[in-house]
Structures are given as structure tokens and as C-alpha cells.
Amino acid sequence: MSTEDKQPVKTANQRGAARLAAVQALYQMDIGGTGVLEVVSEYETHRLGQEVDGDTYLKADASWFRSIVAGVVRDQTLIDPMIAGALQDDWALSRIDSTVRAILRAGTFELLERKDVPVPVIVTEYVEIARAFFEDEEPKLVNAVLDRIAKQVRGITKK
């Protein structure tokens, strides 16, 4: 293997892996009722950058992962109403698939708290995560909802 093949994992890739892991952790907490400290500990010890059931998890930015999971839990009473307000009138947040709910919560948290990350980066990353789990409507829903929230909290739109 030449030195060209051994490129270091870029920070952005580590953040992307942290976002995916955060969505998975939030989903796990939503479905199983697991607490934030337990989930964060499990992911940092056994999943991030590790092999689990034959799948190797990407090396992730652990502090980015922690900030998303803890921030969503801390700010959920602010985040959930924002998401609900950005949904179509006939949709309740509770009716949305748990994975989509986790994606929207994580994306909304970043839009609110990570002003250093451009809106298009956040929206694109979470739409890509949605595409990893779903094929049709869900990625479009994630794009539309996060775009509406971005306009509301940052006053700008994704290009």
C-alpha cells in the first residue's frame, strides 16, 4: 500500500461519523428508554472506531458525538416544538419514524448550537444520513424540515 492510499481521516469525515453515531444513539434512547450517560459511554467504549457484529464503525469525533447527544437531550423541550412547527399541519412529531425523529433532533440541535458550521453542511449531512436508512420521502422530509428550521433560527436558506 502506497502512502497515497493511507490518507488520514479528515475532521469532516470524523464529524460525519459522529453525526451518524449520534442519530443511532438518539434512536436507541428513544426506542429503549436508555439514559444519555449509558448510551454515550457504550458508544465511546464499544462502537466509535470499533468493530461490532462484523461491522466496523468509522472513527468519529467523540466530543462532537457527545455534544450532539447531550445537547439534544438537554434542549429537547425547545427542539421538539421547533420540529413540530416545521412539519406539515397534519403531522405530529410522534407519528414520524423514530429514526427520522432522531435525525431531525440532531440536525435541529446543530442548527441552533453550532453557528460555526454552515447551514448547507448541516442539512446535507443529515439528508445523507436519512438516505442511508431510507430511499424516498424521508430524505426529502429531512431536507424540508431542516431548511425551514434554518430559515427560522439563522434567517438563511440552503443553496
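Residues numbered from 1 in each chain as written. Predicted model: local features only at pLDDT ≥ 70, side-chain atom pairs only at ≥ 80, totals over all residues. Heavy atoms only, no water.

### Notes on the overall build of the protein
To keep things clear, this is the line we draw: Counting from the N terminus, the helices are DSSP H or I runs at least four residues long and the strands are E runs at least two residues long. Each residue is assigned to one of three classes by its accessible area relative to the maximum for its type, calculated with a 1.4 Å probe on protein chains only: buried under 20%, partly exposed between the two thresholds, exposed over 50%. Whether two residues are in contact is decided by their heavy atoms, any of which lying within 4.5 Å being enough. Only the protein chains shown count as covering a residue, and every accessible area follows the Shrake-Rupley method with a 1.4 Å probe.
Scanning the protein for helices and strands turns up six helices and two strands. What you see in the protein, going N to C, is helices and strands ordered as α-α-β-β-α-α-α-α. Looking at the protein as a whole, 43% of its 159 residues qualify as buried. Here the contacts in the protein between residues at least 6 apart in sequence split such that 68% fall between residues at least 24 apart. Accessible area of the protein: about 8900 Å², with a carbon and sulfur share of 49%.

### Describing the nonpolar core
Grouped burial of nonpolar side chains is what soluble globular proteins tend to show. What counts here: To form a nonpolar core, buried Ala, Val, Leu, Ile, Met, Phe, Trp, Tyr and Cys residues must be joined to one another through side-chain atoms within 4.5 Å.
Counting 45 residues, the largest nonpolar core has Phe65, Ile68, Val69, Ile83, Leu104, Tyr126 and Val142 as the members making the most contacts within it. Elements that contribute at least two residues to this core include exactly helix 1 (11–32), helix 2 (36–47), helix 3 (62–86), helix 4 (98–113), helix 5 (119–133) and helix 6 (137–154). In terms of residue count, the dominant contributor to this core is helix 3 (nine residues).

### Brief notes about the environment of threonine 108
Of note, threonine 108 is situated in helix 4. Along the chain, threonine 108 and glutamine 76 lie 32 residues apart, while their C-alpha atoms are 9.9 Å from each other. In contact with threonine 108, not counting residues within four places along its chain, are Ile79, Met82, Ile83, Leu146 and Ile149.

### Description of the environment of arginine 105
Structurally, arginine 105 can be placed in helix 4. Among residues more than four places away in sequence, those in contact with arginine 105 are Asp30, Val72, Gln76, Ile79, Asp80, Ile83 and Leu93.

### Section: the pattern of salt bridges
Counted only if it meets this: Whenever Lys or Arg places a side-chain nitrogen within 4 Å of a carboxyl oxygen from Asp or Glu, that contact is recorded as a salt bridge.
Applying the stated criterion across every chain, the model contains nine salt bridges. Here arginine 19 ties to glutamate 110 by a salt bridge, and the two come within 2.7 Å at their closest N and O atoms. With arginine 19 in helix 1 and glutamate 110 in helix 4, the pair connects residues that are 91 residues apart, well separated along the chain. The pair arginine 19 / glutamate 110 is uniform in exposure class, with both members buried. Exposure remark for arginine 19: the relative accessible area of 2% places this residue in the buried category. The network of salt bridges with shared partners includes Arg19, Glu110 and Glu125.

### Overview of helix 6
This is how the line gets drawn: Each residue after the first adds 1.5 Å to the expected span of a helix.
Under the 1.5 Å per step criterion, the end-to-end length of helix 6 is 25 Å for 18 residues, consistent within 8% with the ideal 26 Å. Where helix 6 is concerned, the buried positions are Pro139, Val142, Val145, Leu146, Asp147, Ile149, Ala150 and Arg154. If you follow the buried residues of helix 6, they end up packed against helix 3, helix 4 and helix 5. Just past helix 6, the residue glycine 155 takes up positive phi, approximately 70°.

### Notes on the confidence of the model for the protein
Definition in use: Each residue carries a pLDDT value, the predictor's own confidence for that position, ranging from 0 to 100.
Summing up the model confidence of the protein, the mean pLDDT is 80 and the portion of residues at 70 or higher is 78%. Note on residues 1–11: pLDDT under 50 across the span, and two contacts to partners over four residues away in sequence or across chains.

### Section: the packing of helix 3 against helix 6
Cut-off, in case you're wondering: To obtain an axis, a line is fitted to C-alpha atoms, over the contacting stretch when the element is a helix, and the angle between two such axes runs from 0 to 180 degrees between their N-to-C directions. Note on terminology: angles under 35 degrees are roughly parallel, angles over 145 are roughly antiparallel, angles of 65 to 115 are roughly perpendicular, and the others are oblique. Should the near helix be turned anticlockwise from the far one by less than a right angle, the crossing is termed left-handed; should it be turned clockwise, right-handed. In the scheme used here, Gly and all other residues not listed as nonpolar or charged are polar, with Ala, Val, Leu, Ile, Met, Phe, Trp, Tyr, Cys and Pro taken as nonpolar and Asp, Glu, Lys and Arg as charged.
The geometry of helix 3 relative to helix 6 is characterised by a closest axis approach of 9 Å and an angle of 115° between their N-to-C directions. By the angle between their axes, helix 3 is roughly perpendicular relative to helix 6. The two elements helix 3 and helix 6 meet at a crossing, and its hand is right-handed. Counting all contacts with helix 3, which are made through Met82, Ile83 and Ala86, the residues of helix 6 involved are Val145, Arg148, Ile149, Gln152 and Val153. Looking at the contact of helix 3 with helix 6, its residues break down into six nonpolar, one polar and one charged.

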